[in-house]
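These are the residues of each chain, in order.
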Amino acid sequence: MDDQGRTAAGADRRILERIGEMVDEERRLRAALAEGRIDPETEQRELKGIEEQLDQCWDLLRQRRARVEAGEDPDRASVRSVAEVERYES
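Values in this document were obtained by computation on a predicted structure and should not be read as measured data. (Residues numbered from 1 in each chain as written. Predicted model: local features only at pLDDT ≥ 70, side-chain atom pairs only at ≥ 80, totals over all residues. Heavy atoms only, no water.)

Some points on the confidence of the model for the protein chain
Mean pLDDT over the protein chain stands at 91; residues scoring 70 or higher make up 91%. Of all the helices and strands in the protein chain, helix α3 (residues 82-89) carries the lowest mean pLDDT, 86, while helix α2 (residues 40-69) carries the highest, 96. (pLDDT = per-residue confidence, 0-100. Helix = DSSP H or I, 4+ residues; strand = E, 2+ residues; numbered from the N terminus.)

Here's what the structure looks like:
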């Protein structure tokens, strides 16, 4: 693997780590609701924000992988707005 491949793999790994952190946060929110430490409105509001960020992370990862497959620089991929990502997923 060349230096660019290692750099791309490292960036992808950081995105996946961030995704893992957000999934853990989703679990913490659900547990907090089940234990009565937060109300349903708080859980839903915070989950919505996490889900939007997750969608953006997955989109960025897909963009990066598509660029690699096309022989392009994955670092030229960029985070898209929530509205743009949601439009692609519907």
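Remarks on the environment of Trp58
Assignment of secondary structure puts Trp58 in helix α2. Among the residues examined, Trp58 registers a relative accessible area of 35% and is labelled partly exposed. Discounting residues that sit within four places of it in the chain, Trp58 has contacts with Leu16 and Ile19. (Buried < 20%, exposed > 50% of the residue type's maximum accessible area, 1.4 Å probe, protein only. Contact = heavy atoms within 4.5 Å.)

Details of the nonpolar core
Within the largest apolar cluster, 11 residues are counted, these being Ile15, Ile19, Met22, Leu29, Leu47, Ile50, Leu54, Cys57, Leu60, Leu61 and Ala77. In terms of residue count, α2 provides more of this core than any other element does, 6 residues in total. Beyond its immediate stretch of four places on either side in the chain, Ile19 contacts Leu54, Cys57 and Trp58. (Core = buried A, V, L, I, M, F, W, Y, C linked by side-chain atoms within 4.5 Å.)

Focus: α2
End to end, α2 covers 42 Å across 30 residues, agreeing with the expected 44 Å (1.5 Å per residue, within 8%). You can read the cap of α2 off the contacts: a side-chain oxygen lies 3.0 Å from the backbone nitrogen of Glu41, and it is on Asp39. (Expected span 1.5 Å × (residues − 1). Polar contact = N/O pair within 3.5 Å; in protein donor to acceptor, adjacent residues only side chain to side chain.)

Re the pattern of salt bridges
Counted under the stated rule, the structure contains 9 salt bridges. Here Glu21 ties to Arg18 by a salt bridge, and the two come within 3.4 Å at their closest N and O atoms. A residue pair is termed a helical-turn pair when its members lie 3 or 4 positions apart in one helix, as Glu21 and Arg18 do in helix α1 (residues 3-34) at 3 residues. Exposure remark for Glu21: the relative accessible area of 43% places this residue in the partly exposed category. Across the pair Asp24 and Arg27 runs a salt bridge, and its minimum N-O distance is 3.2 Å. Taken together, the residues Asp24 and Arg27, both in helix α1 and 3 residues apart, mark about one turn of the helix. Because the salt bridges share partners, they merge into one network encompassing Asp12, Arg64 and Asp75. (Salt bridge = Lys/Arg side-chain N within 4 Å of Asp/Glu carboxyl O.)

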